[in-house]
Amino acid sequence: MDTETETEPFDLGPACHELARLLDGIKDDQLAGPTPCPDYAVRDVLAHLVGLTVAFRDAAAKKSGPTTDTPPDAGLPVLPDDWREVLPRQLDELAESWRSPAAWEGGTRVGGVDLPGAVAGLVALNEVQIHGWDLARSTGLPYAPAEASLRASLAVLAPPPAAGSGDSGGADDPDPAADSVFGPPVGVPEDAPLLDRVIGLSGRRPDWRPGE
């Protein structure tokens with residue numbers, strides 16, 4: 001990710017709404033099921049989202065404290081009992097916090113790391129959008145992010161072209177060493193659906209199914 005690139009404020013609302021839409025469809029007996037994140041069950045992905053929605057909401061407001069200073073690998077999160085009420089509300093708050101132009105200006109801090117505000121906003125988008133796919137794929141629910149949101153993620157996750165090369169680095173030939181907030185990209189054909197290309201760049205197999 002190029003942390004020096006100027007980025008216009010982007011509405012996180014559609015991505016947050018699409019994730020919130022999934023939550024009523026997740027059954028209690030699915031919480032222990034596997035996800036594309038090898039160390040996380042469904043309940044752990046949900047708990048991660050409960051924490052990150054607060055962290056990135058506070059990062060938009062330039063708040064300093066435990067919510068923005070704690071690294072994401074500080075420990076496996078615990079899902080609160082009231083997550084069905086808490087998470088939709090926090091997703092709304094997250095989207096609203098990044099509608100302020102000031103959130104995208106200057107610097108901020110999240111996960112114990114100092115970042116330009118514009119970069120933090122796009123990381124928040126990726127977290128919501130890609131973990132939404134994790135939950136949908138793990139529970140068999142339909143998932144249809146907005147094209148504009150997917151294109152924003154694609155632009156952020158795509159590895160830069162190699163020095164001296166005119167090739168733009170297609171998704172079917174990813175650079176294993178490319179910097180990604182999720183993991184090494186997985187090869188996906190350039191003519192694959194946009195969502196599959198984004199998921200591949202996030203380090204996941206678009207054809208992943210529970211039990212595989």
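What you see is a predicted model; the values in this text were computed from it and never measured.

Between helix H2 (residues 42–60) and helix H5 (residues 117–139), the shortest axis-to-axis distance is 10 Å and the interhelical angle comes to 160°. Judged on the interaxial angle alone, H5 and H2 are roughly antiparallel. As for the relative orientation of H2 and H5, their crossing is left-handed in sense. Packed against H2, whose contacting residues are Val42, Val45, Leu46, His48, Leu49, Leu52 and Phe56, the element H5 presents Ala120, Val123, Ala124, Glu127, Val128, His131, Leu135, Ser138 and Thr139 at the interface.

Looking now at helix H7 (residues 194–201). Most of H7 sits out of view: six of its eight residues are buried. Those residues of H7 lying buried are Leu194, Leu195, Val198, Ile199, Gly200 and Leu201. Elements in contact with the buried residues of H7: H5 and helix H6 (147–157). Looking at the residues trailing H7, positive phi occurs at Gly203, about 95°.

Here the focus is the environment of Leu194. Turning to its location among the elements, Leu194 is positioned in helix H7. Excluding anything up to four places from it in sequence, Leu194 contacts Glu147, Leu150, Arg151 and Leu154.

On to the confidence of the model for the protein, then. Averaged over all residues, the pLDDT of the protein equals 87, while 85% of them reach at least 70. Ranking the elements of the protein by mean pLDDT puts H6 last with 91 and helix H4 (residues 83–97) first with 98. Ignoring residues within four places in sequence, the model shows residues 163–181, a span with pLDDT below 50, making 26 contacts including any to other chains.

Here we take up the packing of aromatic side chains. The final tally for this structure, using the stated rule, is one aromatic pair. Considering the side-chain rings of Trp98 and Trp104, the 5.3 Å spacing of their centres and the 75° angle between planes classify their relative orientation as edge-to-face. When its relative accessible area of 6% is taken as the criterion, Trp104 is described as buried.

The tally for this structure, following the rule as stated, stands at eleven salt bridges. Arg21 is paired through a salt bridge with Glu18; the nearest N and O atoms lie 2.7 Å apart. Pair noted here: Arg21 and Glu18 are both in helix H1 (residues 13–23), with a separation of three residues, about one helical turn. Residue classification places Arg21 among the partly exposed residues on the basis of a relative accessible area of 40%. With relative accessibility at 9%, the residue Glu18 sits in the buried group. Residue Asp69 pairs with Arg109 through a salt bridge whose shortest N-O separation is 2.8 Å. Of this pair, Asp69 sits in helix H3 (residues 66–69) while Arg109 sits in strand S1 (residues 107–110), and the two are 40 residues apart along the sequence. What makes Asp69 partly exposed here is its relative accessible area of 31%. Among the residues examined, Arg109 registers a relative accessible area of 26% and is labelled partly exposed. Three or more residues are tied together by salt bridges with common partners; here these are Asp11, Glu96 and Arg99.

Thresholds, definitions, all that
Residues numbered from 1 in each chain as written. Predicted model: local features only at pLDDT ≥ 70, side-chain atom pairs only at ≥ 80, totals over all residues. Heavy atoms only, no water. Axes fitted to C-alpha atoms, helices over the stretch in contact; angles between N-to-C directions. Helix = DSSP H or I, 4+ residues; strand = E, 2+ residues; numbered from the N terminus. Parallel < 35°, antiparallel > 145°, perpendicular 65-115°, else oblique. Left-handed = near helix turned anticlockwise from the far one by under 90°. Contact = heavy atoms within 4.5 Å. Buried < 20%, exposed > 50% of the residue type's maximum accessible area, 1.4 Å probe, protein only. pLDDT = per-residue confidence, 0-100. Phe/Tyr/Trp six-rings, centres within 6.5 Å; stacked < 30°, edge-to-face > 60°. Salt bridge = Lys/Arg side-chain N within 4 Å of Asp/Glu carboxyl O.

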